[in-house]
Amino acid sequence: MAHLPLLTDAEEAIDYYKSQPHSPSDAITAHVIRILVQDGYKNRDIREALGIEKVYTVTHFIRVSQALTDGEMDLWFNNPDRITLGHLRAIAKLDFPTREKLLRKLLVARSPVHEFESIARGDTQEKDVDIARFASTMSEVTGRPTDIRFNKKRKNGTITLNFYDLDDLDDLCRKLGFNPSEYF
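Here is what the cut-offs are and how they apply
- Residue indices begin from 1 for each chain and proceed along its sequence in written order.
- It should be noted that, the model being predicted, local features are given only for residues of pLDDT at least 70 and side-chain atom pairs only at 80 or more, the latter also being counted only at that level, while totals for whole chains, interfaces and linings use all residues.
- Hydrogen atoms and water are omitted, and side-chain values are computed over all heavy atoms in the structure.
- Only DSSP runs of H or I covering at least 4 residues are called helices, and only runs of E covering at least 2 are called strands; the numbering of each starts at the N terminus.
- The globule rule used here is 2.2 Å times the number of residues to the 0.38 power, and the radius of gyration it is set against is calculated over C-alpha atoms.
- Residue contacts are counted whenever heavy atoms from the two residues lie within 4.5 Å of one another.
- Each accessible area value is a Shrake-Rupley result obtained with a 1.4 Å probe; residue values ignore everything except the protein chains displayed when judging cover.
- Positive charges are assigned to Lys and Arg, negative charges to Asp and Glu, while His and the chain termini are left out of the count.
- Think of each charge as sitting on NZ of Lys, CZ of Arg, CG of Asp or CD of Glu.
- These domain limits were set by an automatic method or by a database of domain assignments.
- The criterion is simple. A nonpolar core is a set of buried Ala, Val, Leu, Ile, Met, Phe, Trp, Tyr and Cys residues joined through side-chain atoms within 4.5 Å.
- Remark: exposure states derive from per-residue accessible area (1.4 Å probe, protein chains only) relative to the maximum for the residue type, with buried under 20%, exposed over 50%, and partly exposed in between.
- Geometry of aromatic contacts follows a simple scheme: Phe, Tyr and Trp rings, the Trp one being its six-membered ring, pair when their centres are within 6.5 Å, and the pair is stacked under 30 degrees between planes, edge-to-face over 60, tilted otherwise.
- A fitted line through C-alpha atoms represents every axis, and for helices the fit uses only the stretch in contact; the resulting angles, taken between N-to-C directions, go from 0 to 180 degrees.
- For this classification, under 35 degrees means roughly parallel, over 145 means roughly antiparallel, 65 to 115 means roughly perpendicular, and everything else is oblique.
- Left-handed describes a crossing in which the near helix is turned anticlockwise from the far one by less than a right angle; the clockwise case is right-handed.
- Asp, Glu, Lys and Arg are counted as charged, while Ala, Val, Leu, Ile, Met, Phe, Trp, Tyr, Cys and Pro are counted as nonpolar; the rest, among them Gly, fall into the polar class.
- Multiplying one less than the number of residues by 1.5 Å gives the expected span of a helix.
- The arc in question is the one traced by the directions running from the helix axis out to the C-beta atoms.
- Salt bridge criterion: a side-chain nitrogen from Lys or Arg within 4 Å of a carboxyl oxygen from Asp or Glu.

**Student:** It is not clear to me how the overall build of the protein should be interpreted in this structure. Could you clarify?
**Tutor:** When its secondary structure is counted, the protein shows 10 helices and two strands. The order of helices and strands in the protein, counted from the N terminus, is α-α-α-α-α-α-α-α-α-β-β-α. Its C-alpha radius of gyration of 23 Å places the protein more than 25% over the 16 Å reference for a compact globule of 184 residues. Counting only C-alpha atoms and orienting by the principal axes, one finds that the protein spans roughly 65 × 40 × 30 Å. By sequence separation, contacts in the protein at least 24 residues apart represent 50% of the contacts at least 6 residues apart. For the protein, the computed accessible surface area is about 12200 Å², with 52% contributed by carbon and sulfur atoms. When the 26 basic and 29 acidic side-chain charges of the protein are each reduced to a single mean position, those positions are 6 Å apart.

As structure tokens, then:
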């Protein structure tokens, strides 16, 4: 596993940031900003030194870089396609064990940022009792595990019906009014 570069002071961090051939990753940017903050740089100074225009962008990087442990920063650095600044910004104020659990979960399965924001706010995803009963009844009638996800705000959702093999999938499709043999 690769690690973030060892940078000893603000000048070295700025030089490293500017020497990157392409735009540095968010993890590198946060790492550099962490060092700048430790050396006493303020938001305006950081924006000037790194050429970042937006105040809130630097604010997000400062918040995240100050909250994360070195291990979490390395995890982000090594998984930039899975872990984003948005995810980390959402959970930065949570305690270390909770953050680490969420980050490990994120490595296994993608989760949208809004889910992390909900968790950070303390929201829980409670299933509607009627929807849960409907899914249970549907499972019993169809003889297959069934999951229903319902979005109360949008008043829509998804139904997931499990199948056991390809013949079972064909049978399920026919029951839903789709005859696969007509198309394949």
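**Student:** Please clarify how the domain arrangement of the protein should be interpreted in this entry.
**Tutor:** As a measure of interface size, the accessible area lost when the parts come together is often cited. Its domain assignment divides the protein into domain 1 (10–121) and domain 2 (129–182). Of note, the centres of domain 1 and domain 2, computed from C-alpha atoms alone, are 40 Å apart.

**Student:** It is not clear to me how the nonpolar core should be interpreted in this structure. Could you clarify?
**Tutor:** One finds V32, L36, L50, W76, I83, L88 and I91 to be the most contacted residues of the largest nonpolar core, which totals 34 residues. At the level of elements, α1 (10–19), α2 (26–38), α3 (43–50), α4 (55–67), α5 (70–78), α6 (85–91) and α7 (96–108) are the ones that each hand at least two residues to this core. Tallying contributions element by element places α2 first for this core, with seven residues. Sequence-distant contacts of I91, defined by excluding residues within four places in its chain, comprise R99, L102, L103 and F116.

**Student:** I tried to follow the packing of aromatic side chains on my own but got confused; where do I start?
**Tutor:** Inspection of every chain in the model, using the stated rule, returns one aromatic pair. Arranged with centres 5.2 Å apart and planes meeting at 15 degrees, the rings of F178 and Y183 form a pair that is stacked. Classification of Y183 by relative accessible area gives exposed; the value is 58%.

**Student:** So what exactly am I meant to see when it comes to the packing of α1 against α2 here?
**Tutor:** For the pair α1 and α2, interaxial distance at closest approach is 8 Å and the crossing angle is 160 degrees. Taken together, the axis directions place α1 and α2 in an arrangement best described as roughly antiparallel. In this structure, the crossing between α1 and α2 has a hand that is left-handed. For the pair formed by α1 and α2, the contact residues are A10, A13, I14, Y16 and Y17 on the first element and I28, T29, V32, I35 and L36 on the second. Across the contact of α1 with α2, the residue classes break down as nine nonpolar, one polar and no charged.

**Student:** Where do I start with α4 in this structure?
**Tutor:** Note on helix geometry: an α-helix contains 3.6 residues per turn, so any two residues three or four positions apart are oriented the same way. Taking 1.5 Å of rise per residue, 13 residues should cover 18 Å, and α4 covers 19 Å from first to last C-alpha, within 8% of that figure. Residues V58, H60, F61, V64 and S65 constitute the buried set of α4. Projection of α4 onto a plane perpendicular to its axis shows the buried side chains occupying an angular sector of 155 degrees, all on one side. Close packing links the buried residues of α4 with α2, α3, α5 and α6.

**Student:** How should I be thinking about the pattern of salt bridges in this particular structure?
**Tutor:** Opposite charge on two side chains lets them pair, provided their charged atoms get close. For the structure on display, the rule yields eight salt bridges. For the salt bridge of E100 with R104, the shortest nitrogen-to-oxygen distance reads 3.9 Å. Placement of both E100 and R104 in helix α7 is noted, with a separation of four residues, approximately one turn of the helix. Judged by relative accessible area, which is 44%, R104 ranks as partly exposed. Here R133 makes a salt bridge to D130, at a shortest N to O gap of 3.2 Å. In this pair, R133 and D130 are both assigned in helix α9 (residues 129–142), three residues apart and thus about one turn of the helix distant.

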